Structures are given as structure tokens and as C-alpha cells.
Amino acid sequence: MNNMNTHTPAGAFDASVVGPYLRRYIESNPAQDDRYGRNRRFLRIIDEYCGAQGLEEPCFTERFIDDWIETLSIRTKYERELLLRMMRKFSAFLASTRKDSYVLPVPVKQEYKVRSILAPYIVE
């Protein structure tokens, strides 16, 4: 049987020390829409990055996540958005078990600023 099957998380995350936490994260969120294994693919990217960086403890620092974000410039906008979303969710999960782990914050929505001369004439 193939261990890389997207429907069975066992053995899928073994590139770094966060692998067991990634498996628990997936198991704790069975209702997430992951019909095509998309979320797991992006979680594997996070796992592989952690392994490549030699992360010794299952704990994120702000510097570690900032460095990871810099690597996203080579990705498409779609991939960047999904990777950031997955890192936000996973870092919050990891921090729930490791209090010293950094959580990637949700960006604050900016107030809408009128930039068009036609905007005052548009009725919502």
C-alpha cells in the first residue's frame, strides 16, 4: 500500500519534527474540505521546509516564519495564499500544544479608501 496516499495521513509527514503535529492537526480537522488532497500537499511543503531548515524542536519563532514567508515569492499568488492560510491555521494549532510557539497572525483588514472619481456616484 502506498503511504503517500492523500487519504491516509500516516507516514505522509516525516520530513521534520513537526510531522507528528501535522498528522494530529489533520486528524483533528476531519471536516475540512480536502477532497483532492490540496491542504495536505501544502502541509507537506511546510513539513519539507521545516526539515530542510533543520528545525530541532516542534516550535516556530517569528524569525523562522518570516524566513519561510520570504521563500513564497517563487510561488504563484494562489499557492502563496493557500500556504499562508495553512501556516496560520497550523501555527495556531501548534501553539495550542506548545505555548512558546509563534502564531502567524491574521492580517488586519484595511479600511476601504475611495480611489475613483466615480465612487461617490456608485450606490451600494
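Structural data are supplied above this passage.
In what follows, the accompanying structure is described.

Each value, and the rule that gives it
Residues numbered from 1 in each chain as written. Predicted model: local features only at pLDDT ≥ 70, side-chain atom pairs only at ≥ 80, totals over all residues. Heavy atoms only, no water. Helix = DSSP H or I, 4+ residues; strand = E, 2+ residues; numbered from the N terminus. Buried < 20%, exposed > 50% of the residue type's maximum accessible area, 1.4 Å probe, protein only. Contact = heavy atoms within 4.5 Å. Core = buried A, V, L, I, M, F, W, Y, C linked by side-chain atoms within 4.5 Å.

Thoughts on the side chain of Ser 101
Structurally, Ser 101 is set in the segment after helix 4 (77-97). You can call Ser 101 buried: its relative accessible area is 7%. Leave out the neighbours within four places in its chain, and Ser 101 touches Cys 59, Phe 60, Leu 94 and Ala 95.

Here's the deal with the nonpolar core
Here is a general trend for soluble globular proteins: nonpolar side chains tend to be buried in one another's company. Grouped together as the largest cluster of nonpolar side chains are 26 residues, with contacts concentrated most on Leu 43, Ile 46, Phe 60 and Phe 90. Elements with a minimum of two residues in this core: helix 1 (19-28), helix 2 (38-52), helix 3 (62-70) and helix 4. Considering every element that reaches this core, the biggest residue donor is helix 4, with seven residues. When near neighbours in sequence (up to four residues on either side) are disregarded, Leu 43 contacts Phe 13, Leu 22, Tyr 25, Ile 26, Met 86 and Phe 90.

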